[in-house]
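Close look at the chain arrangement
As a plain string of letters, each chain reads:
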Amino acid sequence: MLPSPPLFLGMKSHLNQHVLVLNRLWQAVNICTVRRALGLLFEGHAQVVLDGSSGSFQTFSFDQWRDFSMQEPHPDSIHTISFRIRVPRVILLCLFDRLPKKEVKFTRHNIFERDKNTCQYCGGLFERRDLNLDHVIPKDRGGPTTWENIVCSCIACNTKKANHTPSEVGLRLIRKPKRPKWRPFVQVTVGSHHDSWKHFLDLAYWNVELGGDAN
Ligand SMILES: [Zn+2]
């Protein structure tokens, strides 16, 4: 039986602070709360990453981090009944299959994002209010509401298309609609992140996987 995780009695504000999550390739993939990070750490699924002195990084298992926290008390610490532990700022996941799966949500907003506010038939750029979401294969002809069958369409193209397939009315998609690639660099809104994240966010900025035919 697994030992039960220690009860963290830290201030709620500490436990709800944000921790940057790196995957095994040291790429920034997510943000979680300190509470979640400590859980992952305790279960052995993650290690703490600490900015070393000479531009190198040290990693710590839960036990190592607890010992380190006891030896070098830090103001940003959380107290349990029997020990104190420093708040981790960056953690490194140990297992690939613990990668947080962040699929791009199928939302109106994200479809506009994917299609870059461009009518996918005439290629025109429009204000969002002048664009519709169009089923490429019409809904009443069995066209599903999926990434692969929904595109932005301007009102003129949409009217022309009506209840037809594009080819029936001489329209052609400017590109094949597909599910956007999951972006390993999650939206880390600058302004609220901890200094120790900078190195990884800079890396993430340059290594971000840009959408195949976009950008
Ligand atoms: Zn159009």
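Residues numbered from 1 in each chain as written. Predicted model: local features only at pLDDT ≥ 70, side-chain atom pairs only at ≥ 80, totals over all residues. Heavy atoms only, no water.

1. Quick notes on the pairing of strand β9 (residues 150-154)
Heads up, the rule is: Three labels apply to residues, based on accessible area from a 1.4 Å probe with only protein chains included: buried if under 20% of the type maximum, exposed if over 50%, partly exposed otherwise in between. Under the DSSP-based scheme used, a helix requires at least four consecutive residues in state H or I and a strand at least two consecutive residues in state E, with every element numbered from the N terminus. Pairing between two strands requires that DSSP report at least two bridges joining them.
Counted residue by residue, β9 has five buried out of five residues, so it is predominantly covered. Going residue by residue along β9, you find Ile150, Cys152 and Cys154 tucked away on one face and Val151 and Ser153 tucked away on the opposite face as well. Bridge count between strand β8 (residues 131-135) and β9: five bridges; the pairing is antiparallel. In the strand pairing of β9, Asp134 is matched with Val151.

2. Some words on the packing of aromatic side chains
Working definition: an aromatic ring pair is given by the centre-to-centre distance plus the angle between the planes. This is how it is decided: Two rings from Phe, Tyr or Trp (for Trp, the six-membered ring) form a pair when their centres are within 6.5 Å of each other. A pair whose planes differ by under 30 degrees is stacked, one over 60 is edge-to-face, and the rest are tilted. Placement of a charge over a ring requires the Lys NZ or Arg CZ to be within 6 Å of the ring centre, with the centre-to-atom vector within 35 degrees of the ring normal.
For the coordinates displayed, the defined rule picks out seven aromatic pairs. Ring centres 4.9 Å apart and planes at 40° place the aromatic pair Phe60 and Phe68 in the tilted group. Residue Phe60 is classed as buried on the basis of its relative accessible area, which comes to 6%. Positioned above the aromatic ring of Phe83, the side-chain terminus of Arg66 is 5.4 Å from the ring centre.

3. Structural notes on the confidence of the model for the chain
To keep it simple, the criterion reads: As a per-residue measure, pLDDT reflects the predictor's confidence and takes values from 0 up to 100. Contacts between residues were defined by any pair of non-hydrogen atoms, one from each residue, lying within 4.5 Å.
For the chain, per-residue confidence averages 81 on the pLDDT scale, and residues scoring 70 or more make up 78% of the total. For the chain, the element scoring lowest by mean pLDDT is helix α6 (residues 198-207), at 66; β9 scores highest, at 96. Across residues 208-215 the pLDDT falls below 50, and counting only partners more than four positions away or on other chains, this stretch makes eleven contacts in the model.

4. Structural notes on unusual backbone geometry
Most peptide bonds adopt trans geometry, and most residues besides glycine take a negative phi value. Even without glycine at this site, Lys116 takes up a positive phi of about 55°. Relative to the helices and strands, Lys116 resides in the loop between α4 (108-115) and β8. A relative accessible area of 40% places Lys116 in the partly exposed class. In this structure, Ala162 takes a positive phi of about 40° despite not being glycine. Its location among the elements puts Ala162 in the loop between α5 (155-161) and α6.

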